[in-house]
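Listed below, chain by chain, are the residues.
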Amino acid sequence: MSPPVPPVGAAPPPPPPAVPPRRRRGRLVAALAGVLVLVLAVAGLAVLRPGPVARLLGGEATPSGATAAPPEPDPPAVLGGPDANAPLPTEAGIRAALEPLVGAAALGDRVNVSVADVATGEALYGKGPDAPTVPASVTKLATGVAVLAARGPAYRIPTRAVAGPNPGEVVLVGGGDPTLAVDKNGFYPGAARLDDLAAQVRDALGGTAPTKVIVDSSLFSGPVFEPGWDADIPTGDFGAAITALMTDGARKDPALARRTAEETNHAAERVPQPDLTAGRQFAKLLGLTGGAAQVTRGAAPTAGGSGSAGPAPGTELGKVESLPVIRLVDIMISDSDNVIAEAMARQVALAKGKPGSFTGGAAATDEVLGELGLPAGEISLADGSGLSRTNRISPSLLTELITLAGNGSHPELAAIFGGLPVGGWSGTLDERYRAAATAAGAGVVRAKTGTLTGVNAIAGTVLTADGRLLTFAVLTDRTQGSLDETRQALDRITSALAGCGCR
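> Would you mind going over the packing of aromatic side chains with me for this structure?
Two aromatic rings are characterised by how far apart their centres lie and by the angle between their planes. Summed over the entire model, instances satisfying the criterion amount to three aromatic pairs. Through pairs of rings, three or more aromatic residues link up here, namely Phe 225, Trp 229 and Phe 358. Above the plane of the ring of Phe 187 lies Arg 251, whose end atom (NZ or CZ) is 3.7 Å from the centre. Note that Arg 346 overlies the ring of Phe 358, its terminal NZ or CZ placed 4.2 Å from the centroid.

Encoded structure:
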């Protein structure tokens, strides 16, 4: 186990030694438990989770007939929460801390910054705060807030099977769940499974033998790749064709992807036609063998009428449901999962009555953020993941969005904090904040990062040395130096906020 992060204000420890990949998962669980402290402290939510976290919160009862284990002592907080009585930094104090850092050559000639207080929403510092800037994966914060507002944290995405137009034909209807697994060996733990759906179908068909699988992925429309994506993204292992039906985020070998996720930063080879691949996997589970002719694309028939044998066309034969949106948002943010992000944007579109497409998702996200009172004129999206270079978001919109999610006025939005990487501890910030110049940010910076060639961004929250919770966004889209130097420059900015009272 890595040593715990010291309380705010204590002298920072020396950077811990590198941890082998196989040990990071345990460290991430500890970090997420600590981040839960932040969510509860900021938004006053009572969030219950299964397993160890539920036990820590008193959410798991002793099974009937089992001997109750002796109670364990309450664990110490891994990550500190904000101090409600901490003094508010001054604008002059923030300016003095940041001005020497925002002009670093590694950040390029376009650096836009916003810093605000989460409790009051008061803006404390800005450098081009309202300037639309390429956000890269920081876009996922906007996508997460939009889908939590539009669908709600508990919503689950269905995948259905219905009777086809002819006896024995089964239509597999995609609902847009990107985490759907084939069986227990799927990439995403706890995901809905095709083998469970196949068992339901066999029971519903009774004596009728399956003869064909028809794939209905018509819920999503438009291009499967966003035109603003770099040319290498469709084949670069971080993106995929976005279809309403897929398994394991379109990964070709989910078992291999799961084993190598840490060292590859979640890159994995993707299949070119995710919906047809899922249909073939489903056909195999139904016992169909032979050529590809047994799996075709088509539309589910309208329910009603009667069939000559077996269930009537359109009759539902089975249904499985995804993890709840709150968990999908966790994964999207912590792993920077682009495929989940695009699926979430389409869920926003469908909830707002728009097409399940890149353009529909972007328009619906703008609409939802405007309904939340955010300055929708300061965001212009082409996708939900941030892979598109045509996306534009202002730093001040991001800090207002984070403030809205963290001030308790919209408790359902606080779910975005659960997946935020922690400086020097987890996710995309795991290996950062370890140098002496940035160590003050370890454990107290929680943020989403964004990276494209020439684009580097970070947005999230930070506890000051006095325990005040601030939100920040630093966006740069004209960097030319090395990635390590640019990240160090960004980390110095957020660490300066962590290390000062800024009064």
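Once you've had a look at it, read on.
> Looking at this model, I keep getting lost on unusual backbone geometry. Mind explaining?
Excluding glycine, residues mostly have negative phi values, and the peptide bonds linking residues are mostly trans. One non-glycine residue with positive phi stands out, namely Ser 336, at about 50 degrees. Structurally, Ser 336 is set in the loop between helix H9 (325-334) and helix H10 (338-351). By relative accessible area, Ser 336 is classed as buried at 16%. Phi at Tyr 433 is positive, roughly 60 degrees, even though this residue is not glycine. In this fold, Tyr 433 is placed in the loop between helix H12 (395-406) and strand S10 (445-452). Of the residues examined, Tyr 433 reaches a relative accessible area of 2% and is grouped as buried.

> Explanation requested: the nonpolar core in the structure shown.
Nonpolar side chains tend to gather and get buried jointly when the protein is soluble and globular. Formed by 53 residues in total, the largest nonpolar core has its most connected members in Leu 141, Val 329, Met 344, Leu 369, Leu 401 and Ile 416. Listed by contribution, the elements that provide at least two residues to this core are helix H4 (139-151), H9, H10, helix H11 (358-371), H12, strand S11 (455-463) and strand S12 (469-476). The element that contributes the greatest number of residues to this core is H9, accounting for seven residues. Not counting residues up to four positions away in its chain, the partners in contact with Met 344 are Thr 143, Val 147, Ile 157, Leu 328 and Met 332. Core analysis: the second largest hydrophobic core is formed by 31 residues, Val 444, Ile 458, Leu 490 and Cys 500 among them.

> Just to check I follow, could you spell out helix H3 (residues 91-102) for this structure?
Because each turn of an α-helix spans 3.6 residues, side chains separated by three or four positions in sequence point in the same direction. In this model, H3 (12 residues) spans 15 Å end to end at C-alpha, consistent with the 16 Å of a helix rising 1.5 Å per residue. For H3, the set of buried residues is Gly 93, Ile 94, Leu 98 and Val 102. Down the axis of H3, the sector holding all buried residues measures 135 degrees, keeping them to one side. Exposed and oriented more than 90 degrees from the buried face of H3 are Ala 96 and Pro 100. Residues of H3 that are buried make contact with strand S1 (111-117), strand S2 (123-127), S12 and helix H13 (483-499).

> I'm lost on the sheet that holds S11 in this one. Help?
Paired through backbone hydrogen bonds, the strands of a sheet run either parallel or antiparallel to each other. Ordered by their spatial adjacency, five strands build an open sheet running S2-S1-S12-S11-S10, and the pairing between neighbours is antiparallel. The strands lining the two open edges of the sheet, one partner per strand, are S2 and S10. Within the sheet, the average angular offset between the axes of one strand and its neighbour, ignoring direction, is 5 degrees. Across eight bridges, the pairing between S11 and S12 is antiparallel. Across the sheet, Val 462 pairs through a bridge with Leu 470, a residue of S12.

> In this structure, what is going on with helix H8 (residues 274-285)? I would like to understand it.
With 12 residues, H8 extends 17 Å from end C-alpha to end C-alpha; this agrees with the ideal 16 Å at 1.5 Å per step. If you check which residues of H8 are buried, you get Pro 274, Asp 275, Leu 276, Ala 278, Gly 279, Phe 282 and Ala 283. Next to the buried residues of H8 lie strand S3 (158-163), strand S4 (169-173), helix H5 (194-205), strand S5 (212-216) and strand S6 (295-297). Looking one or two residues past H8, Gly 287 carries a phi angle of roughly 90 degrees, positive in sign.

> In this structure, what is going on with the sheet that holds strand S7 (residues 316-321)? I would like to understand it.
One open sheet holds the five strands; their spatial order is S6-S5-S4-S3-S7, and the pairing between them is mixed. The strands lining the two open edges of the sheet, one partner per strand, are S6 and S7. The sheet shows a mean angle of 20 degrees between the axes of neighbouring strands, taken without regard to direction. In this sheet, S5 lies alongside S4 in parallel orientation, the contact comprising five bridges. Of the residues in S5, the one forming a bridge with Val 170 is Val 213. Its contacts with the sheet place H8 against S3, S4, S5 and S6, and it is angled at close to 145 degrees to S6.

> Just checking my understanding: could you explain the pattern of salt bridges for this structure?
A side chain of one charge can pair with a side chain of the opposite charge when the charged atoms of the two come close. Inspection of every chain in the model, using the stated rule, returns 18 salt bridges. Put simply, Asp 477 and Arg 110 hold a salt bridge, and the shortest N to O gap is 2.8 Å. Here Asp 477, found in the loop between S12 and H13, pairs with Arg 110, found in the loop between H3 and S1; they are 367 residues apart in sequence, far enough to count as distant. When salt bridges that share partners are traced, they join Lys 352, Lys 354, Glu 367 and Glu 371 into one network.

> Before we go on, may I ask you to explain the packing of H5 against H8 in this structure?
Helix-helix packing is characterised by the crossing angle of the two axes and by the distance between the axes. One way to put it is that H5 packs onto H8 with a least axis distance of 9 Å and a crossing angle of 50 degrees. With respect to H8, the element H5 is oriented oblique. When you trace H5 past H8, the crossing you get is right-handed. Facing Leu 194, Asp 195, Leu 197, Ala 198, Val 201 and Arg 202 of H5, the residues of H8 in contact are Ala 278, Gln 281, Phe 282 and Leu 285. Residue composition of the contact of H5 with H8, grouped by class: seven nonpolar, one polar and two charged.

> In this structure, what is going on with the pairing of S11? I would like to understand it.
Sheet faces and side chains relate simply in a regular strand, where the side chains alternate between the two faces. Across the nine residues that make up S11, a large majority, nine, are buried. Two strands pair when backbone bridges link them, and S10 and S11 are joined in this way by eight bridges, in the antiparallel orientation. Each bridged residue has a counterpart across the sheet, and for Arg 446 the counterpart in S11 is Thr 461. Following S10, the chain reverses through two residues before pairing antiparallel with S11; Gly 454 in that reversal takes a positive phi of roughly 80 degrees. Between S11 and S12, which pair antiparallel one after the other, the connecting turn spans five residues, and Gly 467 there sits at a positive phi close to 90 degrees.

Conventions used here
- For every chain, the first residue of its written sequence is number 1, and the numbers climb from 1 along that sequence.
- Side-chain atom pairs in this predicted model are given and counted only at pLDDT of 80 or more, local residue features only at pLDDT of at least 70, and totals for whole chains, interfaces and linings cover all residues.
- As a rule here, side-chain values cover all heavy atoms of the structure and leave hydrogens and water aside.
- Whether two aromatic rings pair depends on their centres lying within 6.5 Å, for rings of Phe, Tyr and Trp, where Trp uses its six-membered ring; planes under 30 degrees apart make the pair stacked, over 60 edge-to-face, and the rest tilted.
- Put simply, a charge is over a ring when the Lys NZ or the Arg CZ is close to the ring centre, within 6 Å, and near the line of the ring normal, within 35 degrees.
- Only DSSP runs of H or I reaching four residues or more are called helices, and only runs of E reaching two or more are called strands; each is numbered from the N terminus.
- Exposed residues in this analysis have more than 50% of their type's maximum accessible area, buried residues have under 20%, and partly exposed residues fall in between, with area computed by a 1.4 Å probe over protein chains only.
- For this analysis, a nonpolar core means a set of buried residues of the types Ala, Val, Leu, Ile, Met, Phe, Trp, Tyr and Cys, connected via side-chain atoms within 4.5 Å.
- Every residue pair with non-hydrogen atoms within 4.5 Å of one another is taken to be in contact.
- Here a helix's expected span is defined as the number of its residues, less one, multiplied by 1.5 Å.
- Regarding the arc, it is the one traced by the directions from the helix axis to the C-beta atoms.
- We call two strands paired when DSSP finds no fewer than two bridges between them.
- Note on method: axes are straight lines fitted to C-alpha atoms, helices fitted across the in-contact stretch only, with angles between N-to-C directions ranging 0 to 180 degrees.
- For this analysis, a salt bridge means a side-chain nitrogen from Lys or Arg found within 4 Å of a carboxyl oxygen belonging to Asp or Glu.
- Angular relationships are summarised with four words: roughly parallel below 35 degrees, roughly antiparallel beyond 145, roughly perpendicular across 65 to 115, and oblique for the angles in between.
- In a left-handed crossing the near helix is turned counterclockwise from the far helix by less than a right angle, and in a right-handed crossing that turn is clockwise.
- Residues are grouped as follows: nonpolar covers Ala, Val, Leu, Ile, Met, Phe, Trp, Tyr, Cys and Pro; charged covers Asp, Glu, Lys and Arg; every other residue, Gly included, is treated as polar.

Nothing here speaks to function; it is geometry throughout.
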